[in-house]
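Per-entry structural report
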Amino acid sequence: MTQPTPEELKRRSAKALLSHAFLRTESALTIGATILLAFFLPTPFAWWQWWYWVVLGLAGEGMIVWSSVTDERTAHKVVAGLFSEQYDPRNIKTARLRDAVKQALDYRTQIEQTIASTPTTILQSYLANSLTGVADWIAHIYTIAQRLDTYERDELLHRDRNELPESIARLRRELSTERVPDVRKQIEATIATKLEQQRNLEMLRASMEKAQFSLEQTLSSLGTVYSQFQLVRAEKLSGQRAKEVAQGIQTQVQGLEDVVTAMNKVYGQPS
């Protein structure tokens, strides 16, 4: 399944928040009370019309939805839940990679809470723009973790890499004693194929080592960014400082995109 873009996640977050508002207990009670009152007590007063209950119910429901959508704690909870669902660490079977994804999600939650609690509106706006970059980081970390997880659990690849040197050496010994031209050509062709396979496996190994380094580096960068956000808020630094944080995030994202692109050539898009 192709990972969603930050814009798609933003739209999903808005839908999830609206859905949460309508599914709240208060919302269900308001709708239920409105129906019961309109049906069983349509005219409590001589001047009262049954549809007055509907109007009051709609007004109450509107207030509940509005309070849900504008409540920062609710928004954080809904968005965090959406990210945890989209980038579910349980899908990663390798423990250390699964822990890395969990840590990345925790950083994002803390960064979002830091932005929400920033008192200066203009500064908050600058910092909020960095969340898109952080969302990119989470997506890339998850993708890299998936690729590494697939690679590390691929027993066939590891078996081939371990057995190829001996297999090539054996074929070369056979070639040195073989005198039949057609058989020599066949052995030479087999050696060439195995050498190509060995080169590809070594390139893949190097790519995975680079991906592992990028994963660790990005987690470290997320921790650094989190501390920078705290510093910006605590010391009330200028908007320019917040811009520098956002630019640093984008630079790191571009580096991760290169790694993910290279890995996609091997494994393709995650299913």
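Heads up: these notes are all about the structure in this document. Position numbers for residues start from 1 in each chain and track the written sequence from start to end. Local features in a predicted model are, by the rule used here, given only for residues with pLDDT of at least 70; side-chain atom pairs are given and counted only at 80 or more, and totals for whole chains, interfaces and linings are based on all residues. Only hydrogens and water are set aside when side-chain values are computed; all heavy atoms of the structure are taken into account.

**Comments concerning the overall build of the protein chain**
Applied cut-off: In this text, helices come from DSSP runs of H or I with a minimum length of four residues, and strands from runs of E with a minimum of two, each type numbered from the N-terminal end. Residues are treated as being in contact if the distance between any of their heavy atoms lies within 4.5 Å. Shrake-Rupley sampling with a 1.4 Å probe provides the accessible areas, and residues are treated as covered by the protein chains on show and by no other component.
Across its full length, the protein chain holds nine helices and zero strands. Mapped in sequence order, the helices and strands of the protein chain form the string α-α-α-α-α-α-α-α-α. A separation of at least 24 residues holds for 77% of the contacts in the protein chain among residues at least 6 apart in sequence. A total of about 16,100 Å² of accessible surface is found on the protein chain, and carbon and sulfur atoms cover 57% of it.

**Remarks on the nonpolar core**
Put simply, the rule reads: As used in this record, nonpolar core signifies buried Ala, Val, Leu, Ile, Met, Phe, Trp, Tyr and Cys residues forming a set joined through side-chain atoms within 4.5 Å. Relative accessibility thresholds used throughout: buried, under 20% of the residue-type maximum; exposed, over 50%; partly exposed, between the two (1.4 Å probe, protein chains only).
With 30 residues, the main nonpolar core has Ile111, Ile138, Leu148, Leu215 and Leu222 as its most contacted residues. Of all the elements in the fold, those that place two or more residues in this core are helix H5 (95-116), helix H6 (121-152), helix H7 (155-177) and helix H8 (181-235). Here this core gets 10 residues from one element, more than from any other, and that element is H6.

**Regarding the pattern of salt bridges**
Where charged atoms from two side chains of opposite charge come close, those side chains can pair. Note the threshold: Counted as salt bridges are all cases of a side-chain nitrogen of Lys or Arg within 4 Å of a carboxyl oxygen of Asp or Glu.
All told, the structure shown has 10 salt bridges when counted by the stated rule. The closest approach of N and O atoms between Arg173 and Glu166, which form a salt bridge, is 3.3 Å. Residue classification places Glu166 among the partly exposed residues on the basis of a relative accessible area of 48%. Sharing partners across several salt bridges, the network here consists of Arg159, Asp160 and Glu163.

**Brief notes about the packing of aromatic side chains**
Worth spelling out the cut-off: Whether two aromatic rings pair depends on their centres lying within 6.5 Å, for rings of Phe, Tyr and Trp, where Trp uses its six-membered ring; planes under 30 degrees apart make the pair stacked, over 60 edge-to-face, and the rest tilted.
The tally for this structure, following the rule as stated, stands at nine aromatic pairs. Consider the rings of Trp48 and Trp53, whose centres lie 4.9 Å apart with planes at 55 degrees: the pair is tilted. Judged on exposure class, the residue Trp48 and its partner Trp53 are both buried. Summarising the aromatic geometry, the rings of Trp51 and Tyr52 are spaced 4.5 Å apart at their centres and angled 90 degrees between planes, so their arrangement reads as edge-to-face. Here the aromatic cluster, defined as three or more aromatic residues joined through ring pairs, consists of Phe45, Trp47, Trp48, Trp51, Tyr52 and Trp53.

**Here we look at the environment of Ala59**
For Ala59, the location among the structural elements is in helix H3 (residues 50-70). Note on Ala59: relative accessible area 43%, which makes it partly exposed. Along the backbone, Ala59 and Thr30 are 29 residues apart, and their C-alpha atoms lie at a distance of 9.9 Å.

Just distances and angles here, no functional claims.
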